[in-house]
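Secondary and tertiary structure notes
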Amino acid sequence: MPVGMSAGTPAGAAAGAPAGAAAGNPLLMRSTSRARVVKDVAARVAMWLAALIVLVPVILILYYVAAKGLPTMDWEFLTQPTPYSMRLRGGGFVNGLIGTLLMVVLAAVVSIPLGLLGAIYLVEYGKKGLLAQVIRFFSDVMTGVPSVFVGLFVYTAMVIPFGFGVVMGAASLAIIMLPIVVRSSEEMLKLVPRELKEASYALGAGHWHTISRVVLPAAAPGLTTGTMLAVARAAGETAPLLLTALSAQEIVTRLVGEATASLPVLIYYGARNPFPAGQERAWAGALELLLLVLVFTLLARVASSRNRLWQ
Amino acid sequence: MSEEPAFRVRDLAVSYGSQVALKDVTLDIEPRKIIAIIGPSGCGKSTLIRCFNRMNDLIPGTRVQGQVLYHGQDIYANDVDPVTVRRNVGMVFQRPNPFPKSIKENVAYGARINGYKGNIDELVERSLRGAALWDEVKDNLNRSALALSGGQQQRLCIARAIAVQPDTILMDEPASALDPVATSKIEDLMQELKERYTIIIVTHNMQQAARVSDKAAFLYTEVNEAGTARWGVLVEYDDTSRIFTNPRDKRTDDYISGRFG
Amino acid sequence: MRERYHRALEALDQDVVRLGALAEAAIDKATLALVENDAELAQQVLDGDDEIDALFVDVTKRALTILAEQAPVARDLRLLLSIIRVANELERTGDLAHNIAKVPQRGIPVGEVKHIGELLHELAVAARKLLGNAIDVWAQKDAGLAANVQEYDDTIDLLYRRFYKELFALGSDETTFEIGMNAALVGRWFERVADHGVNITEAVQFYVTGDDAYLG
């Protein structure tokens, strides 16, 4: 630390005020520490750099997916199923789009209410009880289980007796989504201020009234975000679908017993085959999947912000 | 004076788990009076006020002994539903805590969940007028309650409490988060409210207690010999003018004149 | 903040004792001037009154400031009210000393009239004693002692009545009339000094007990 004003009194202060006044002014003496200024600038630059480095892969991915996917992305791609041979140009991924939509929606319909109720149980009823702790523990374990294991489980439990199908794919996605929904919703519900709940109880509201009319509305934006994270994760899962829905060139007609295409699996098949036509379709499929998740998220955001009155 | 007390508290003791928070509280609260609960931090003021509407029940492990008689009925009796108690004994909290809903829905909340059959708009207007807020918000009833100022939010919380038509309102440091102007509005409002409601207020502000209340209860912290446990006791309960000019107990005198605590 | 406030209160309390000492000294000097018919000494009393007034104004202003800034309650509130009251009593006592000193200053030889002078001196000493005791009661905030002081006031009343009888016996020719009139006033003023002393002890009793019976 350079001590005193001689080390680096700012030119303005030295010129503007008499020397004695500047020396006696503790504010001026503080700001003259050059080491401090240097440290401050260095820290700021380091943080900007770190933020940029984080952004680099994201931007690169977006750029590549758009650059490589856009040429193939046309009306035909969006509306036509996959051709019989990878070598052939033309055709599209509509079979995969429909399969993904069916499976994700089905999985969401099952896992989101269940997960939400589970989270409500954890926050409002179970709290630190034994059952709640057990549920929390297994949710955490489940979040960490590789998704291919989930696929294997559903394969054994459902595919072997009933065959491949949308329901089986949805089941595996639901199993993957459930712990994410539970844990993210729990965190969001915990953020609802205790004061709001107390206000409700003090007005003579019961437990369920308080949850349904105060806690859930107040937590809605956060709950939506967490849920959408789970949906996005499910929409991009490949491994479990290979084991539960497989894939198909046609648009699916039955929910059970019929192999069903999905966007990620089609991307996977397209990307690993040697023919340029198939690879190009894979790129376009990746772009389509990306946009799909984006649309889901935006819709959910709009829906949840509609009814809220946060400033 | 001859009127039946709104509350009779007899040998009340509250503990959280194995820790005693408050004990030996016995006092009568006359209806349509303002009663201030004062004392140093941690002496159990909030614990005491939360006994009057069983808000302590919400904290797991809370045990309440003794009796709190509300118009003769022990509210801690086995067959009493705390929800019923809270519909009769409203509460306003330290920090204004309106729901993230519209002004109107905030006021209507209690009525709606209690299955109010009358005209909600009338109830909202009456309650907002009662809380001296109507003129400020009548054109914006559907705006978010969170857009109001802190003082307005607190009066909204009072309107919300009186919409349930209680006969007692508990106020846990209702003005401690407000500026002096908003504070004096709340204090004026309390004087109007006491024509119809019994008001029990916890306050850290001695001058506020002296200004607004008719009677004051001074709680103080006692410590056991080993210094390992502390709990609140009721030291003195008397007319506010008496407490602030000539308290009987030296601890009261020392505390209110700022000699400790 | 509170620490400073309580120190300010204590300082005020001490200044009231100081004001008491000034009032006592003024009465002492006025008495001596009267008995000795010493115009010079009397002039000193007249000049000294400004000091008493200045201290009184200072004490009152500081008391007002504490009232406004600290909003004292309980014991402090009673102390402050008593300080204001007692300071007032002492300022009035100073005024009485001023009045008394005016008589020798104008060269009216009240103290030289045999019987009257002796009785007046006796009355002056008794009133002065009561005032001194009252200021002790204040300094020690001793409500028990206050009762003794109040009892002693009866002795002063008796003395005052005896003094009045003697005064009537003086008769009324040209010279004795002026002396008699002034003697009556001075006697009355010493009796008032004792009354102020009694009021001071009552203020102490109010401060100590908080019983508003002592306010009257």
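Residues numbered from 1 in each chain as written. Chains lettered and ligands numbered in written order. Predicted model: local features only at pLDDT ≥ 70, side-chain atom pairs only at ≥ 80, totals over all residues.

Considering the sheet that holds strand β4 (residues 62-70) of chain B
Residue and element names in this part refer to chain B. Heads up, the rule is: Paired strands, as defined in this entry, are two strands with at least two bridges between them according to DSSP. Runs of H or I in DSSP of at least four residues are treated as helices and runs of E of at least two as strands, each being numbered from the N terminus. Contacts here follow a simple rule: the backbone-placed C-beta atoms of the two residues must lie within 7 Å. Angles run from 0 to 180 degrees between N-to-C directions of axes, and those axes are lines fitted to C-alpha atoms, restricted for helices to the stretch in contact.
Pairing is mixed in the open sheet, where 10 strands are placed in the order β5-β4-β1-β2-β10-β9-β3-β8-β7-β6. Of all the strands in the sheet, just β5 (73-74) and β6 (89-92) have a single pairing partner and so form its edges. Of the pairings in the sheet, the one linking strand β1 (residues 7-16) to β4 comprises 8 bridges and is antiparallel in character. Looking across to β4, one finds that R8 is bridged to L69. Sheet strands in contact with helix α6 (residues 150-163) are β6 and β7 (168-172), and its direction is about 170° off that of β6.

Things to note about the interface of chain B and chain C
Defined as follows: Only Asp, Glu, Lys and Arg are considered charged, only Ala, Val, Leu, Ile, Met, Phe, Trp, Tyr, Cys and Pro nonpolar, and every remaining residue, Gly among them, polar.
With 11 residues of chain B in contact, the opposing surface of chain C contributes 10 residues. When contributions to the side of chain B that touches chain C are tallied by element, the ones reaching two or more residues are α8 (206-212), α9 (240-245) and α10 (250-256) of chain B. Element by element, the count of residues in the side of chain B that touches chain C is highest for α8(B), at 3 residues. Per-class residue counts for the side of chain B that touches chain C are 5 nonpolar, 5 polar and 1 charged.

Considerations on the domain arrangement of chain A
Residues and elements named next belong to chain A. Here is the rule we go by: Throughout the structure description, domain borders are defined by an automatic or database domain assignment.
Each domain of chain A was delimited in the assignment, giving domain 1 (11-69) and domain 2 (75-306). The gap between the C-alpha centroids of domain 1 and domain 2 is 42 Å. Residue-level contacts link 4 residues of domain 1 with 5 residues of domain 2. Here the side of domain 1 that touches domain 2 is composed, by residue class, of 2 nonpolar, 1 polar and 1 charged.

Here we look at the arrangement of the chains
Ranking the 2 pairs of chains in contact by number of contacts places chains A and B first. There is a clear gap between chain A and chain C: no contact, and 26 Å between their nearest C-alpha atoms.

Points about unusual backbone geometry
Put simply, the test is: With C-beta atoms placed from the backbone, a residue counts as buried when 20 or more other C-beta atoms lie within 10 Å of its own, as exposed when 12 or fewer do, and as partly exposed for counts between those limits.
Of note in the backbone geometry, A132(B) takes a positive phi value of approximately 55° without being a glycine. With respect to the helices and strands, A132(B) occurs in the loop between α4 (120-130) and α5 (134-137). Take A132(B): there are 17 C-beta atoms within 10 Å of it, and that puts it in the partly exposed class. Non-glycine residue K141(C) carries a positive phi angle of around 50°. Mapped onto the elements of the fold, K141(C) is located in the loop between α4 (114-140) and α5 (143-169). With 15 C-beta atoms packed within 10 Å, K141(C) lands in the partly exposed category.

Looking at the nonpolar core
The test is simple: Here, a nonpolar core means buried Ala, Val, Leu, Ile, Met, Phe, Trp, Tyr and Cys residues linked by C-beta atoms lying within 7 Å of one another.
M177(A), L19(C) and A127(C) are the most contacted members of the largest nonpolar core, which has 215 residues in total. In terms of residue count, the dominant contributor to this core is helix α9 (residues 166-190) of chain A (16 residues). Those residues in contact with L19(C) that sit more than four places away from it in its chain are I52(C), L55(C), F56(C), V59(C), A87(C) and L90(C).

Overview of helix α11 (residues 207-235) of chain A
So the rule is basically this: Here a helix's expected span is defined as the number of its residues, less one, multiplied by 1.5 Å. To obtain the bend at a residue, axes are fitted to the seven residues ending there and to the seven starting there, and the angle between these axes is taken.
Between its first and last C-alpha, α11(A) extends only 35 Å over 29 residues, short of the 42 Å set by a 1.5 Å rise per residue. Where α11(A) bends most, the angle comes to about 60°, and this point is A220(A), followed within four residues by the proline P221(A).

Things to note about the interface of chain B and chain A
Contact with chain B, which involves 24 residues of that partner, is made by 19 residues of chain A. Where the side of chain B that touches chain A is concerned, the elements lending two or more residues are α2 (82-88), β6 and α3 (103-113) of chain B. Here the residues of the side of chain B that touches chain A are counted per class, giving 12 nonpolar, 7 polar and 5 charged.

A look at the pairing of strand β9 (residues 215-223) of chain B
Within a regular strand, the side chains alternate between the two sheet faces. Residue and element names in this part refer to chain B. Pairing geometry for strand β3 (residues 34-38) and β9, over 4 bridges, is parallel. Bridge assignment links I37 to a residue of β9, and that residue is A217. Of the strand pairs in this sheet, β9 and strand β10 (residues 230-239) are connected by 9 bridges, and their pairing is antiparallel. For K215, the partnering residue across the bridge sits in β10 and is D239. Between β9 and the antiparallel strand that follows it, β10, lie 6 residues; G227 among them carries a positive phi value of about 75°.

Considerations on helix α7 (residues 130-144) of chain A
An ideal rise of 1.5 Å per residue puts 21 Å on 15 residues; α7(A) measures up with 22 Å between its terminal C-alpha atoms. The buried fraction of α7(A) is low, at 1 of 15 residues.

Overview of the environment of I84(C)
Residue and element names in this part refer to chain C. Positionally, I84 belongs in helix α3 (residues 74-105). The spacing of I84 and L67 is 17 residues in sequence and 11 Å in space, taken between C-alpha atoms. For I84, the residues in contact, after removing those within four places along its chain, are T60 and A63.

Description of the packing of α6(B) against helix α7 (residues 180-193) of chain B
Residue and element names in this part refer to chain B. Applicable threshold: These descriptions rest on fixed angle ranges, namely under 35 degrees for roughly parallel, over 145 for roughly antiparallel, 65 to 115 for roughly perpendicular, and the rest for oblique. Left-handed describes a crossing whose near helix is turned anticlockwise from the far helix by less than a right angle; the clockwise case is right-handed.
Where α6 meets α7, the axes come as close as 9 Å, and the angle between the chain directions of the two elements is 20°. One finds that α6 runs roughly parallel with respect to α7. Note on packing geometry: the crossing formed by α6 with α7 is right-handed. Every residue of α7 that contacts α6 at G150, G151, Q154, R155 and I158 is listed here: A182, K185, I186 and L189. Taken together, the residues of the contact of α6 with α7 sort by class into 4 nonpolar, 3 polar and 2 charged.

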